[in-house]
Amino acid sequence: MHPPSNNSPLTSAVLATKLDMRLPSTGQIMREALCEQVARASSAKVVLVRAPAGFGKTTAMLQSRERLEAAGIETAWLTLDDADNDRPRFLACIGRALEALGAEPSQSEGKSDIAEVLAGLPSPFALFLDDFETLREPTVLTLVRDMIAHLPRRGQLIIGTRSLPDISLGRLRAKGDLVEIDSDHLRFSLEETAQFLKLRCGEPISADGVGRLHRKTEGWVAALWLVAMALGRRSSHEQFIERFSGTTGSIAEYLADDVLNQQPSEIRRFLLRTSVLRHLNASVCQAVNPHADCARILSTLESANLFLTPVSGEALTYRYHSLFADFLRGQLAREHPDDVARLHLAASGWYESQGRPVPAIDHAIEGGDYNYALTLLAEHAEPLLEQGRMRLLERWFTAIPEKDMRAHPRIFVIWLWASGFTIGPWVAMERMESSGLASSDDPVVQAHLNALPAVMLEMQDRGAEAYTVGHEGLARLPTCRPFADTVLVNAMAEIVLEHGEPQEARRLLSAARQAPGDSAFNRMFTDSVEGVLDLEEGRMRQATARFRMALGASERAAYNPSNGNAWAGVLYTVALYEANELDEVGHLLNVYLPVATNLGSPDHAILCHWLRSRVAFYQGDIDRATQTLMELEYLGHQRRLPRLVASARLERARLLLLQGNDRASKEEMDRADDPAIWQRVDERHLLAHDLDYMAMARLRWQVAFGDAGAALPLLADAIFQAAAGRRHRRVLKLRVLQSLALERAGESTSAVSHMSDVLRQASREGFVRLLLDEGPAIGPVIYRCHLVESANPHADPLMTGYLEQLLAVLGPAAAWGDAGRAPESPIEPLTGKEMRVLQLLAEGYGNSAIGEKLFVSDSTVRTHLRNINMKLNAQSRTHAVAIARRLGLTR
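Residues numbered from 1 in each chain as written. Predicted model: local features only at pLDDT ≥ 70, side-chain atom pairs only at ≥ 80, totals over all residues. Heavy atoms only, no water.

Caption draft 1: The arrangement of the overall build of the protein in detail. Across its full length, the protein carries 48 helices and 7 strands. Here the protein holds 891 residues, and the buried ones make up 58% of them. (Helix = DSSP H or I, 4+ residues; strand = E, 2+ residues; numbered from the N terminus. Buried < 20%, exposed > 50% of the residue type's maximum accessible area, 1.4 Å probe, protein only.)

Caption draft 2: Broad picture of the environment of A438. When you line up the elements, A438 lands in the loop between α24 (425-435) and α25 (443-459). Placed 11 residues apart in sequence, A438 and L449 show a C-alpha to C-alpha distance of 7.5 Å.

Caption draft 3: Local environment of a positive patch on the surface. A cluster of basic side chains, namely R171, K175, R624, R862 and R866, defines a positive patch on the protein surface. Position of R862 among the secondary structure elements: in helix α47 (residues 858-872). (Patch = residues over 30% accessible without salt bridge, like charges linked within 9 Å, V, L, I, M, F, W, Y side chains within 5 Å. Areas by Shrake-Rupley, 256 points an atom, 1.4 Å probe, with all protein chains shown as cover. Salt bridge = Lys/Arg side-chain N within 4 Å of Asp/Glu carboxyl O. Lys, Arg positive; Asp, Glu negative; His and termini not counted. Charge placed at Lys NZ, Arg CZ, Asp CG, Glu CD.)

Caption draft 4: Here's a closer look at the environment of M696. Positionally, M696 belongs in helix α38 (residues 694-705). Residue M696 is classed as buried on the basis of its relative accessible area, which comes to 0%. With near-sequence residues (within four places) excluded, M696 lies in contact with L691, R730, K733, L734 and L737. (Contact = heavy atoms within 4.5 Å.)

Caption draft 5: Molecular detail of the side chain of N522. The topology assignment puts N522 in helix α29 (residues 520-536). Its relative accessible area of 5% is what places N522 among the buried residues.

Caption draft 6: Seen up close, the pairing of strand β4 (residues 155-161). When you tally the buried positions in β4, you get 7 out of 7 residues, the bulk of the element. Burial along β4 is two-sided: G155, L157, I159 and T161 facing one way and Q156, I158 and G160 facing the other are all buried. Here strand β1 (residues 46-50) pairs with β4 via 5 bridges, running parallel. Note that in β4 the partner of V47 across the bridge is I158. Pairing of strand β3 (residues 125-130) with β4 involves 5 bridges; the strand directions are parallel. The partner of F125 across the bridge, within β4, is G155. For the crossover that starts at β3, traverses helix α6 (residues 138-149) and ends in the parallel β4, the hand is right-handed. (Pairing = 2+ DSSP bridges. Right-handed = clockwise from strand over helix to strand, strands pointing away.)

Caption draft 7: Layout of the environment of T860. The residue T860 is located in helix α47 in this model. Under the relative-accessibility criterion, T860 is labelled partly exposed at 29%. Each C-alpha atom, one on T860 and one on N847, is 9.4 Å from the other, the two residues being 13 residues apart in sequence.

Caption draft 8: Region of the structure containing helix α1 (residues 32-40). Buried residues of α1: L34, C35, Q37 and V38, and no others. Each buried residue of α1 lies within a common arc of 160° when the element is viewed along its axis, so the set occupies one face. Exposed and oriented more than 90 degrees from the buried face of α1 are A33 and R40. Close packing links the buried residues of α1 with β1, α2 (57-70), β4, β5 (178-181) and α8 (183-186). (Arc of directions from axis to C-beta.)

It is worth stressing that arrangement in space is one thing and function is another; only the former is reported here.
Here's what the structure looks like:
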């Protein structure tokens, strides 16, 4: 659905009734069985109404909606179209739907997640999403999956679609959260066919005629609707029924042709010429029908209910039903092929005159008038680039023949930016190297080429080359393009920060803020890089605020942060993870991980996969945690980025360590230990490896399973080096390991003293996962710190509250240690099956894998795990494995 203006890209969700092959408003055939099926499905999260076009999906959904509303259920309706593949727009449309369900705008402002708003709705509700097949963008589909996963018990999605949507249907079926209504349910029965034809045709049709039509159409509602229109103009029903035949596809084309040909020439001409338009109002229709009274014709068509649907929220604006529109466009191309381009050009010109360049360019491209499209792009591409509309630009540019693009160097160079931030930097670099633009004497082209290489090289993990090329670019500033200059300055701030030059990074960021011109993209970039600098230096609260501001810089919808730019969104997710907001992290990763995977930034890809794996692990889903790391490793092989492969293995080693599997953890570390990779990592300040790198992993393993005392001098040296490099967040992490090493070496008093100092610093900035990610071993040390603090009459309330927060997450096991105060034997003996489950758990298997090995269901595995935790007095599966190892129950 296209926006009404380029300055208002988020309006026009169809948040009301859509009439799809709708029957008359009176005497409508009620689909009682379908309505009852939907009403009984209240316990399901999703009702999927799936069938080809014209099976009456929308009519059935409308009737179900009426039934639900009569039962006191709040409902909202959203009709989707291709434009809703834009994630910010989709979020804004959902926002309006939620307001229709009772969410107050003042309540939803600043909400961090749609699921949170859904959960806060006061009444039971059903949200209808029609024409769902138009959604193809992975990030938008991920948002829908996330909504479904976090629907409250009183909430339900009812989806109308032509095809199977990618919303994890298998999982929904397995959990009993899905009710499916397909074409077999939707097709008319013989009785409904007879009733419908009687209502539509007026004159009676013989029972034999009804039976033959029902058999030939197989109860397909659209075909019957068109049959009724044709029969209404014929005196001999039997003759028509006798010669009527064909497959489902040909039925629609034949009958639509028959209906079209029965219209007066003025109406027929209007229908064909306006078929190129997505939305119809009198003004735009006049542009493609200059000699017609378009306002009168639209009124006539609306009265006749001739495939015309009002667009909610836009006065006197309509659209054709998609089936009819497709037919009309095909008919126009067959009958008047030379008119197609002219009509699109007329529509494009009208939209341009209304100050709406986006639909103007769309029509120019769809009409094949690439020269006109390029003329419009010459004026509007750069402003759209500055707004960060990379995906929109990439879609247009790939639709235009490359030879035409190459004839416009200024537009082609913008294509390089768009492809770099959507398809990937490799594609952008290949296009740039083969374009011949380097020899251009156009200062605008050279301004962009001055900035592009450093940015694209950095995104390819080629930091050393980016450092050199970027400094050469800085020496040529300023150019005639402030946007490109500021992107380069921001990129170089990130690059020099990674090379251990924080002061130079600050100088460049200051220059970026003072640069002439202002763009949403560069504001986002500047705030993001400055936030990374704050996070590395231990200022987490300030970093979180900057990442939130970076999201706001590119915000175009009502919901934050899910609608923000992915570059900043990943960083904000990192900050939320550190604050232990795991549910929200899971929601945001559903949005940003697919984008980060395609973005090309290695650090963003690593961070997203690591965080998703950790969240899954802490929620007990080891299978998903392992699968996520396998996906990261595969991505590294696919992109030829060995750091991604090594990072996946390093994180797998960490998870194995937390499970108490010392041998497997060490073996995985050895697999990850590519000296060339980790030497480069050690030489740079990379956010993904600020806390997780090979030397840190080796120290962690030695503290957990090796000679903890021997690790102490190594930790002291690492702390000194991190402090010298102003990496204060890393210092805190290393000091946590230092405290654990002291504890394991038998120096408990020193361990508590060191940990208390760490906790005091961490409490001021709100670090949580920095400590808790070290697993159950940290519990007893924090518990004893809490005892010391509680005994202090002058204790800091902030520190006390922070310790209580940590202990609440750790649970009662914090007072025991890594099974230190566990029972000498199980409270009750484990059964043979429980012993087998425990052994597989210790080997790192997740619930699904254990179930497959033991030939039992997931629910049975969960029952065994609950029994094991109870008998071992364990608080989690990780704690159960630790106790079992201590008791000698597992290897």
